[in-house]
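# Per-entry structural report
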Amino acid sequence: MNNPLDATGAVVRPAPAEELEQTLYEVRRKIYPRAVHGWFAGWRWALIWLTQLLFYGTAWLQWNGRQAVLFDVAARKFYVLGFVFWPQDFIYLTGLLVISALSLFLFTAVGGRLWCGYACPQTVYTEIFMWIERKIEGDRQARMRLDADPLGARKVALKAAKHAVWIAVGLWTGFTFVGYFTPIRELLPAVLAFSTGPWETFWILFYGFATYGNAGWMREQVCKYMCPYARFQGVMFDRDTMTVTYDERRGEPRGARSRKADYKAAGLGDCVDCTMCVQVCPTGIDIRKGLQYECIGCAACIDACDQVMDKMGYPRGLIRYSTENAIASGWDSRAMLKRIVRPRVLVYFAVLLAVVAAVLGSLYLRIPLKVDVLRDRASLSREVEGGKIENVYRLQLMNTQEKPHRYRIAVSGLDTIAVASEAEVEVPPASTRQVPVRLRIDPGAAGKGAHGIEIEVRSVDDPSIVAREKSVFMVR
Ligand code: SF4
Ligand code: SF4
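If you're wondering where the values come from, they're calculated on a predicted model, not measured in any experiment.

### Description of the overall build of the chain
Across its full length, the chain holds 16 helices and 16 strands. Along the first, second and third principal axes, the C-alpha set of the chain runs to 115 × 70 × 55 Å. Across the 476 residues in the chain, those meeting the buried criterion constitute 43%. Total accessible area computed for the chain in this model is approximately 26,900 Å², and 63% of it derives from carbon and sulfur atoms. A gap of 3 Å separates the mean positions of the 59 positive and 47 negative side-chain charges of the chain.

Structure representation (structure tokens):
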């Protein structure tokens, strides 16, 4: 297309389009959550105490003269209280993961992001780190002022103290984590003497600084941008899932007013627009804009708003756990709770119950002896003294109990078959032993070919411990 000419005959070129630079990276706005107290904050702190006592304390518990919970990766043995698990027990780990996933589905279908708000390590450590921050730098306003202040001795001292405590907590967390893989009572003196191995040093530092970075610096960024659960939780929600909800019908139109004013006559709703719900939110969102994926369901805004409602003399629950259906239909909590027991929840619950029962049942019935039978491929079948036919096997006996056992080996399934090698063997506690076994039959007791047999291994000191394995006896 030709460009037009101006009055002087010069070509008029179109003005270049205005260049707009649009960043694809959202610059982080620092959040200064205000301290909050109340019913839900109390629950969160109870769970923080519980989970952290378990995490920091369990590593120090002793059981039968060894660490109660120890994942000895080098020896491929996992000690959990009275149990010793081996790689062959992988099924239990699978069961544990299935139980965790189903529990997550169930709790999410019922109460939304309950895991995120109360028990997720990111929430728990962020809460602990924020508590330390408040103790050293003060609450929201003091922290905002401190950050706005020019650099000075007081600011440097407070910031240094905060980071020193954060790093100490992070490193203790890393040390405890590694203490589940290396006996913690041996690890502590090694750490104090700076003589830990390269892997132990790496994991203590890695886990320690991950805790410091995630809970001290990144905080809500982890939930907003890194956590996959935040992204797929939506598929587990339905209109009867309880989430932290602002009751718009009751709260709007929002507006400031005096306590004594007849706000209803002035056409106002119950929200006094104090922004306390926003100030306490660890992800910095305004729940009054509706359900947002950034909301971790911590209920801090419920506690804050309830306190405002108390001060104003209004009923609590302007922000509360509610469902989309309950808000839309104006149900009371009894009607809402009735809908909690719905087919999806019942299915999750039934499957969870079945898996828990199966895992517990199999743990209860677990036989502390595992036997693997391997045929000696080098000599399938041979004739020995007296014309007898002999087959050779290798038995791998695994004693999963923490005491030694003496086992008797027996065989059945073929006429005249008997064990020709040593029939009793001892296996030390929590160990495996390979035993060569020779089986023989009398000449002419079986025709040519493969014959099914059964090898039985029974504990001499506890006959209830028995394992049977099928194999074949070859005759040429
Ligand atoms: S805390 Fe309650 S009253 Fe205050 S702004 Fe939030 S919803 Fe409104
Ligand atoms: S909106 Fe409320 S429940 Fe959601 S993260 Fe913020 S404070 Fe927690």
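### Let's talk about the sheet that holds strand β15 (residues 449-459)
Read from one edge to the other, the open sheet built from four strands follows the order β13-β11-β15-β16, with strand pairing classed as antiparallel. Across the chains shown, the open sheet's two edge strands, defined by having one partner strand only, are β13 (424-427) and β16 (466-475). In this sheet, neighbouring strand axes are inclined to one another by 30° on average, regardless of whether the strands run parallel or antiparallel. Pairing of strand β11 (residues 405-412) with β13, which is carried by four bridges, proceeds in the antiparallel orientation. Its bridge partner being in β13, Arg 408 is matched across the sheet by Glu 424.

### Brief notes about helix α2 (residues 90-111)
Over its 22 residues, α2 runs 31 Å from end to end, which matches the ideal 32 Å to within 8%, given 1.5 Å per residue. Every buried residue belonging to α2 is among Tyr 92, Gly 95, Ile 99, Leu 102, Ser 103, Leu 106, Thr 108, Ala 109 and Gly 111, and all of these are buried. On its buried face, α2 is in contact with β5 (83-85), α3 (114-119), α10 (228-232), β7 (319-322) and α16 (343-364).

### As for the pattern of salt bridges
Here the structure, examined in full by the defined rule, presents 33 salt bridges. The salt bridge involving Lys 30 is made with Asp 147; its shortest N-O contact spans 2.8 Å. One end of the pair, Lys 30, is in the segment before α1 (39-58); the other, Asp 147, is in helix α5 (residues 140-148), and 117 residues separate them in sequence. Note that Asp 286 is salt-bridged to Arg 288, the shortest N-O span being 3.0 Å. The residues Asp 286 and Arg 288 share a single accessibility class, namely buried. Look at the salt bridges and you will find they share partners, linking Lys 30, Glu 133, Glu 137, Asp 139, Arg 143, Asp 147, Lys 159, Lys 162 and Arg 219 into a network.

### Section: α16
Compared with an ideal rise of 1.5 Å per residue, which puts 22 residues at 32 Å, α16 spans 31 Å between its outermost C-alpha atoms and is within 8% of the ideal. Among the residues of α16, Val 345, Tyr 348, Leu 352, Val 355, Val 359 and Leu 363 are the ones counted as buried. Taken end-on, α16 shows its buried residues confined to a sector of 105°, consistent with a single buried face. Among the exposed residues of α16, those pointing more than 90 degrees away from its buried face are Pro 343 and Tyr 364. Buried residues along α16 sit against β5 and α2.

### Some remarks on the site of ligand 1
Cys 271, Cys 274, Thr 275, Cys 277 and Cys 305 are the nearest of the 13 residues found near ligand 1. Sorting the residues of the shell around ligand 1 by element identifies α12 (276-279) and α13 (300-312) as the ones contributing at least two each.

### Thoughts on the domain arrangement of the chain
In terms of domains, the chain is made up of domain 1 (32-366) and domain 2 (369-475). Here the C-alpha centroids of domain 1 and domain 2 sit 54 Å apart. Taken together, the contacts link ten residues of domain 1 with eight residues of domain 2. Its largest share of buried area at the contact with domain 2, domain 1 owes to Val 84, Trp 86 and Gln 88, together 63% of the area lost on that side.

### Thoughts on the packing of aromatic side chains
Throughout the structure, instances matching the rule amount to 21 aromatic pairs. Residues Phe 202 and Trp 203 carry aromatic rings whose centres are separated by 5.1 Å and whose planes lie at 80° to one another, so their mutual orientation is edge-to-face. Its relative accessible area of 35% is what places Trp 203 among the partly exposed residues. Here a set of aromatic residues connected by ring pairs shows up, and it is made of Phe 71, Phe 78, Phe 177, Phe 181 and Tyr 207.

### Quick look at the confidence of the model for the chain
Note that predicted coordinates carrying low pLDDT should not be read in detail. Per-chain confidence: the chain averages 92 in pLDDT, with 95% of residues scoring 70 or above. When the elements of the chain are averaged for pLDDT, α10 gives the smallest value, 79, and helix α6 (residues 153-178) the largest, 98.

### Observations regarding the site of ligand 2
The local shell around ligand 2 holds 13 residues, among which Cys 281, Cys 295, Cys 298, Ala 299 and Cys 301 are the closest. Looking at the shell around ligand 2 residue by residue, the class counts come to eleven nonpolar, two polar and no charged.

### Notes on the environment of Cys 298
In this structure, Cys 298 sits in the loop between α12 and α13. Setting aside residues no more than four positions away along its own chain, Cys 298 makes contact with Phe 40, Arg 44, Gly 117, Tyr 118 and Pro 282.

### Examining the packing of α6 against helix α8 (residues 198-218)
Orientation of α6 relative to α8, taken along the N-to-C sense of each, is 135°, at an axis distance of 7 Å. As summarised for this structure, α6 and α8 are arranged oblique, according to the angle between their axes. Relative to α8, the crossing made by α6 is right-handed. Of the residues in α8, those in contact with His 163, Trp 166, Ile 167, Gly 170, Leu 171, Thr 173, Gly 174, Phe 175, Phe 177 and Val 178 of α6 are Glu 200, Trp 203, Ile 204, Leu 205, Tyr 207, Gly 208, Phe 209, Thr 211, Tyr 212, Gly 216 and Trp 217. By residue class, the composition of the contact of α6 with α8 is 13 nonpolar, seven polar and one charged.

### Focus on the nonpolar core
In terms of nonpolar packing, the biggest core is built from 27 residues, with Val 244, Ile 287, Ala 299, Ile 302, Ile 319 and Tyr 321 touching the most fellow members. Going through the elements one at a time, β6 (243-246), α13 and β7 are the ones with two or more residues in this core. Here this core takes six residues from α13, the largest share from any one element. The contact partners of Ile 319, leaving out residues within four places of it in the chain, are Val 244, Thr 245, Tyr 246, Cys 277, Ile 287, Cys 301, Ile 302, Cys 305 and Asp 306. In terms of nonpolar packing, the next biggest core, distinct from the first, is built from 26 residues, Val 373, Leu 397, Val 437 and Ala 446 among them.

### Topic: a nonpolar patch on the surface
Residues Trp 217, Met 218, Tyr 225, Met 226 and Tyr 293 make up a contiguous nonpolar surface patch of about 510 Å² in total accessible area. Those elements that place two or more of their residues in the nonpolar patch are α8 and α9 (220-226). As for its position among the elements, Tyr 293 is in the loop between α12 and α13.

Parameters and conventions
- Residues numbered from 1 in each chain as written.
- Chains lettered and ligands numbered in written order.
- Predicted model: local features only at pLDDT ≥ 70, side-chain atom pairs only at ≥ 80, totals over all residues.
- Heavy atoms only, no water.
- Helix = DSSP H or I, 4+ residues; strand = E, 2+ residues; numbered from the N terminus.
- Buried < 20%, exposed > 50% of the residue type's maximum accessible area, 1.4 Å probe, protein only.
- Areas by Shrake-Rupley, 256 points an atom, 1.4 Å probe, with all protein chains shown as cover.
- Lys, Arg positive; Asp, Glu negative; His and termini not counted.
- Charge placed at Lys NZ, Arg CZ, Asp CG, Glu CD.
- Pairing = 2+ DSSP bridges.
- Axes fitted to C-alpha atoms, helices over the stretch in contact; angles between N-to-C directions.
- Expected span 1.5 Å × (residues − 1).
- Contact = heavy atoms within 4.5 Å.
- Salt bridge = Lys/Arg side-chain N within 4 Å of Asp/Glu carboxyl O.
- Arc of directions from axis to C-beta.
- Near = heavy atom within 4 Å.
- Domains from an automatic or database assignment.
- Buried area = accessible area lost by both parts, 1.4 Å probe.
- Phe/Tyr/Trp six-rings, centres within 6.5 Å; stacked < 30°, edge-to-face > 60°.
- pLDDT = per-residue confidence, 0-100.
- Nonpolar A, V, L, I, M, F, W, Y, C, P; charged D, E, K, R; others polar.
- Parallel < 35°, antiparallel > 145°, perpendicular 65-115°, else oblique.
- Left-handed = near helix turned anticlockwise from the far one by under 90°.
- Core = buried A, V, L, I, M, F, W, Y, C linked by side-chain atoms within 4.5 Å.
- Patch = residues over 30% accessible without salt bridge, like charges linked within 9 Å, V, L, I, M, F, W, Y side chains within 5 Å.

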